[in-house]
Structures are given as C-alpha cells and as structure tokens.
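So the chains spell out like this:
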Amino acid sequence: MENFVRIFNFIIFLAFTIMYSYQVLYTIVGFIYRKPVPNDKPPKAFHRFAVIIAARNERMVIGHLINSIQNQNYPKDALDVIVIADNCTDDTADICRERGAIVYERNDQRKIGKGYALDYLFKRIMENGTFDSYEGYFVLDADNLLDENFVAEMNKMFDQGHRILTSYRNSKNYADNWISAGYALWFMREARYLNNPRMRLGSSCAISGTGFLVHRDIIAKNRGWKHHLLTEDIEFTIDSVIAGEKIGYCEYAVLYDEQPTTLKQSWTQRLRWAKGFYQVITHYGGRLWKNIFSSRKKALPCFDMFMTVAPAYLFTLLTILINFVIYLCGFFMPDVIDWSIQEATMVAIRNSLLSFYLMFMLMGTLTLITEWDKIKCPVPKRFFYLLLFPAFLFTYVPISVIALFKKVVWKPVEHTEAKTLDEVR
C-alpha cells in the first residue's frame, strides 16, 4: 500500500510536469525578452476601425473611456465609437450620445451576456449597410481606458497582416486591495509570460475579455458574434485557433481596466469564468485534441489552449483528496494502512500545497520584477499583495468545485472607478 501511494503521487507529479513543462519555456522566454518586439515600421495605411463597447448601466465610467478613444493619436475620421447599451436602466445611452458615440439599444432579458450583445450589434450594422465601412473592430469593456497610442500601435500590426490582435492589460486600481492586485498581477503575467512568449515562438496568443481587434472578414465569416458561452472570449480564441487563425499580441498597445475589490464580486465573476471554461472544454476539447495530432501548424497552439482550459485545479484537488482519504482510512483499518502509509500521504499533501504556493509566488515575483515600472502602487503594498497573491489563486479551488454543480448565469460587475487616464498612470 505504501508503494501504491508513492507511485500514485509520482505518476500525478510526472503527468503535470510533462503537460505543463512548455510553460517553463514560456517563463524563460518572457523573463529574458523583457523589451517589446520593435514596432516602429510605419504603416502603409491608417485603417478604418470601429470601437465596440458593450455597456450595461455604465454611466459612472464609460464617459472616460470614450474620452480616451477620442484623444487617440490617430486620424479622427478613421475611428468611430459604437456602443451597444445592453438592457440599461440608467442614462448610459444618453451619456454616450452626448460624447459623439453611435448608440444602439438592446432590451432582451432572455439572452443575457456580452456575446449576445455583440451579436445583436454586428447583425444590426450588417443590416443597415455600415458593417463594410470598417476594416476591423476593437472590442472593449466600458470600464477601460486606452493609452493615447493604443489604436496607432494596433494599426501597425494590423497593417502587417494580423487578423486578430490582443493588447497589454494594465489596471486602474492595483493599489485598492489584495483582490484587485491579484487580478492585476495575473493579467500582467498573462501578457508578459504567456502572450509575449507565444508571439515570439510563433504560436497563437489568447484574448482576455477586452482590448482586442478583429478583422472584419472574420466577423463576416461567423455571420456576427456566434460565441455565447459564459466565457465568450476564450471560446472565440479557441474557435479561431482551431480554424487556423494566429492571434497576435501588441505589447505597445496598453489599456487599463477596473478589477473587483470585494470577495463577493470576485467570487461571482470567477465562478462564471470557471463554469465557462468547463463549457469550452466540453464543446471544443475534442477538436482541440484532434488538431494537436493532425496538424503540425496547429499542434502547439491547440495543445496550449487545451491545457489553458483543462480543469487543472480539479485534478489537483482530487489528488489531495485521495491522499487525505487514505490517511483517514488508516484510523479505521490500521492493519491495512499503517502509520508509514499515513505519513506518506501527509507528506504528499504537504508537498503538493507547498509546491503550488512556491510556484504561485514565483509567478507573482517574476511579474512584479519585470512589470515594476508599469505598476502604480506604494512599494510596501506591492510586497504585501505579492505575499497574498498565492492566496488569491488558491481561492480558485472552491470556485472550480462549486462551478461543477452550480447553474451559473451571466451577471454584470459594477464599475465605480471613474478615473481619467492621467490618474491611473
């Protein structure tokens, strides 16, 4: 029995090491290549874009976003703002019109969520004939703020042939508390240690909810926005990767967004994310796995995306639970499970928790080091929040378990950080 426990834990450790070893390479590449890939080649054209904003009761923040779009270092006649006021009960639509945005209003209590709002908007502009007047569409959240060179930098890469692009995601409220800092550090890590290495190694990047650009032809091919799972962003990413699209990453294009500050808000949002990941792996897991072996071009991107949505937290928890059950059984079956076996299970549990804590600390520390100049937060708080970063990630464990059994519906996250671009930089 003792040998079984040791072999079982070794096999689990070996499997995780093999499956996620490629991310060690990502980390090395991300740490070595801190400077962005040069993006100083002037574009052949200033392409005409529309910025799409799906907004639900966002009167507190959306005005500052529209101002940051209108202050872009980009030709004014090549950039329009289109807002889909989705099931709003406040004056979001009026505020947007006052600032010069094109506004469509949608009221549908059956089809709830950002994916449905985007689909409604794209179908409307296809019907009225304005869809083809734009070459690409930015998708933003109402709480975002854009660096003044955001569109210009994305245009350069769009001009080079990238049909889907994502950007660098910074935070409006890193310093608020350990929850907002946990989110911010995670998104910075995603940019530096996932999308940056993916871009440099010739793989496909992943979009993350907001701050991305899509070529008109892709939306036309999809006949709108066909992605309606709870995590429509990762669904769009994986569907695009399966179709052979390579998503690019523009580190020079910086946006700032607001992070939740309460555990209740964070729990609700991440419960939706966890449930959405289960939906995505259920709908697309088979095709991802098939493409790993059937296409050399798609092998790495599909494997990467498969591991991204795989329920690693659940497998980890299951391993810990099995060890714990064996430990408890030792009290009832001492003739079968003696103290040496119980001790082996406790060592395995301790090592698992310690390994994950150290891994999360390493992620946070490297991100804090490389992104230091991009973080607006007092130095003592930076280190204090770093110590709590693993705790923030560990809260995903109960969330992942509950998401398995609970029916989850899309719920809006309230945004209240009404800050200007100068205030967040």
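Residues numbered from 1 in each chain as written. Predicted model: local features only at pLDDT ≥ 70, side-chain atom pairs only at ≥ 80, totals over all residues. Heavy atoms only, no water.

*Asks:* Please explain the pairing of strand E3 (residues 102-106) as it appears in this structure.
*Replies:* Where a strand is regular, its side chains alternate between the two sheet faces. Pairing between strand E2 (residues 79-86) and E3: five bridges, direction parallel. Bridging across to E3, Ala 85 finds its partner in Glu 105. Between E2 and its parallel partner E3, the chain crosses via helix H4 (residues 92-98), and the hand of that crossover is right-handed. (Pairing = 2+ DSSP bridges. Helix = DSSP H or I, 4+ residues; strand = E, 2+ residues; numbered from the N terminus. Right-handed = clockwise from strand over helix to strand, strands pointing away.)

*Asks:* Even after reading the chapter, I still don't get the nonpolar core, so can you show me in this structure?
*Replies:* Taken as a class, soluble globular proteins show a tendency for nonpolar side chains to be buried jointly. Ile 52, Phe 122, Tyr 137 and Tyr 174 are the most contacted members of the largest nonpolar core, which has 53 residues in total. In terms of residue count, the dominant contributor to this core is helix H7 (residues 178-200) (eight residues). Residues contacting Tyr 174, with those up to four places away along its chain left out, are Ser 180, Ala 181, Ala 184, Leu 185, Leu 368, Ile 375, Lys 376, Cys 377 and Tyr 385. Counting 36 residues, the second-largest nonpolar core is a separate cluster that includes Phe 49, Val 61, Ala 78 and Cys 96. (Core = buried A, V, L, I, M, F, W, Y, C linked by side-chain atoms within 4.5 Å. Buried < 20%, exposed > 50% of the residue type's maximum accessible area, 1.4 Å probe, protein only. Contact = heavy atoms within 4.5 Å.)

*Asks:* Help me understand a nonpolar patch on the surface, please; the structure alone is not making it clear to me.
*Replies:* There is a patch of nonpolar side chains on the surface, built from Ile 7, Phe 10, Ile 11, Phe 13, Leu 14 and Ile 18 and spanning about 640 Å² of accessible area. Examined against the element boundaries, Ile 7 turns out to sit in helix H1 (residues 2-20). (Patch = residues over 30% accessible without salt bridge, like charges linked within 9 Å, V, L, I, M, F, W, Y side chains within 5 Å. Areas by Shrake-Rupley, 256 points an atom, 1.4 Å probe, with all protein chains shown as cover. Salt bridge = Lys/Arg side-chain N within 4 Å of Asp/Glu carboxyl O.)

*Asks:* Teacher, can you tell me more about the packing of helix H10 (residues 263-294) against helix H15 (residues 396-405) here?
*Replies:* Helix packing for two helices is described by the angle between their axes and how far apart those axes are. Two numbers describe how H10 lies on H15: the axes approach to 9 Å, and their chain directions differ by 60°. With respect to H15, the element H10 is oriented oblique. The handedness of the crossing between H10 and H15 is right-handed. Contact residues: H10 offers Trp 267, Arg 270, Leu 271, Trp 273, Ala 274, Lys 275 and Tyr 278, while H15 offers Tyr 396, Pro 398, Ile 399, Ser 400, Ile 402, Ala 403 and Leu 404. Taken together, the residues of the contact of H10 with H15 sort by class into 11 nonpolar, one polar and two charged. (Axes fitted to C-alpha atoms, helices over the stretch in contact; angles between N-to-C directions. Parallel < 35°, antiparallel > 145°, perpendicular 65-115°, else oblique. Left-handed = near helix turned anticlockwise from the far one by under 90°. Nonpolar A, V, L, I, M, F, W, Y, C, P; charged D, E, K, R; others polar.)

*Asks:* Got a minute to help me understand the packing of helix H9 (residues 232-242) against helix H11 (residues 296-309) in this structure?
*Replies:* Following both chains from N to C, one finds H9 and H11 inclined at 155°, their axes separated by 10 Å at the closest point. In terms of orientation, H9 lies roughly antiparallel with respect to H11. At the point where H9 passes H11, the crossing takes the left-handed sense. Between H9 and H11, the residues in contact are Ile 234, Thr 237, Ile 238, Val 241 and Ile 242 and Lys 298, Pro 301, Cys 302, Met 305, Thr 308 and Val 309, respectively. Residue composition of the contact of H9 with H11, by class: eight nonpolar, two polar and one charged.

*Asks:* Hey, could you run me through unusual backbone geometry in this one?
*Replies:* Residues apart from glycine generally show negative phi values, whereas peptide bonds are mostly found in trans. Non-glycine residue Asn 87 carries a positive phi angle of around 55°. In this structure, Asn 87 sits in the loop between E2 and H4. Its identity is not glycine, yet Arg 223 carries a phi of approximately 55°, on the positive side. With respect to the secondary-structure elements, Arg 223 resides in the loop between helix H8 (216-221) and H9. Overall, Arg 223 belongs to the exposed group, its relative accessible area being 67%.

*Asks:* Teacher, can you tell me more about the sheet that holds strand E5 (residues 145-146) here?
*Replies:* By way of backbone hydrogen bonds, the strands of a sheet pair with one another, either parallel or antiparallel. Taken in spatial order, the eight strands of this open sheet run E3-E2-E1-E4-E7-E6-E8-E5, and their pairing is mixed. Among the strands making up the open sheet, the edge pair consists of E3 and E5. Judged from the four bridges that link them, strand E4 (residues 136-141) and strand E7 (residues 212-215) form a sheet pairing that is antiparallel. Within E7, the position partnered with Val 139 by the bridge is Phe 212. Taken strand by strand, helix H6 (residues 150-159) contacts strand E1 (49-55), E2, E4, E5, strand E6 (164-171), E7 and strand E8 (248-257), and its axis lies near 160° from that of E8.

*Asks:* I'm lost on H7 in this one. Help?
*Replies:* Residue pairs spaced three or four apart in an α-helix point in one direction, given the helix's 3.6 residues per turn. Between the first and last C-alpha of H7 there are 31 Å, a value that for 23 residues agrees with the 33 Å anticipated at 1.5 Å per step. Where H7 bends most, at Glu 190, the angle is about 30°. The buried fraction of H7 is high, at 19 of 23 residues. Among the residues of H7, the N-terminal cap falls to Asn 177, whose side-chain oxygen and the backbone nitrogen of Ile 179 are separated by 3.0 Å. (Expected span 1.5 Å × (residues − 1). Bend = angle between axes of the 7 residues up to and from the residue. Polar contact = N/O pair within 3.5 Å; in protein donor to acceptor, adjacent residues only side chain to side chain.)

*Asks:* Is there a simple way to think about H6 in this case?
*Replies:* Among the 10 residues that make up H6, 10 are buried, leaving the element largely enclosed by the rest of the structure. Within the sequence span of H6, burial applies to Phe 150, Val 151, Ala 152, Glu 153, Met 154, Asn 155, Lys 156, Met 157, Phe 158 and Asp 159. Remark: Gly 161 follows H6 within two positions and exhibits a positive phi of approximately 110°.

*Asks:* In this structure, what is going on with the pattern of salt bridges? I would like to understand it.
*Replies:* One side chain can pair with another of opposite charge once the charged atoms of both are near each other. The tally for this structure, following the rule as stated, stands at 21 salt bridges. Note that Glu 148 and Arg 425 form a salt bridge whose closest N and O atoms lie 2.8 Å from each other. Pair noted here: Glu 148 is in the loop between E5 and H6 and Arg 425 is in the segment after helix H16 (421-424), with a separation of 277 residues, a long-range link. You can call Glu 148 partly exposed: its relative accessible area is 26%. In this structure Arg 425 comes out as partly exposed when scored by relative accessible area, which is 37%. The structure contains a network of salt bridges with shared partners spanning Asp 147, Glu 148, Asp 422 and Arg 425.

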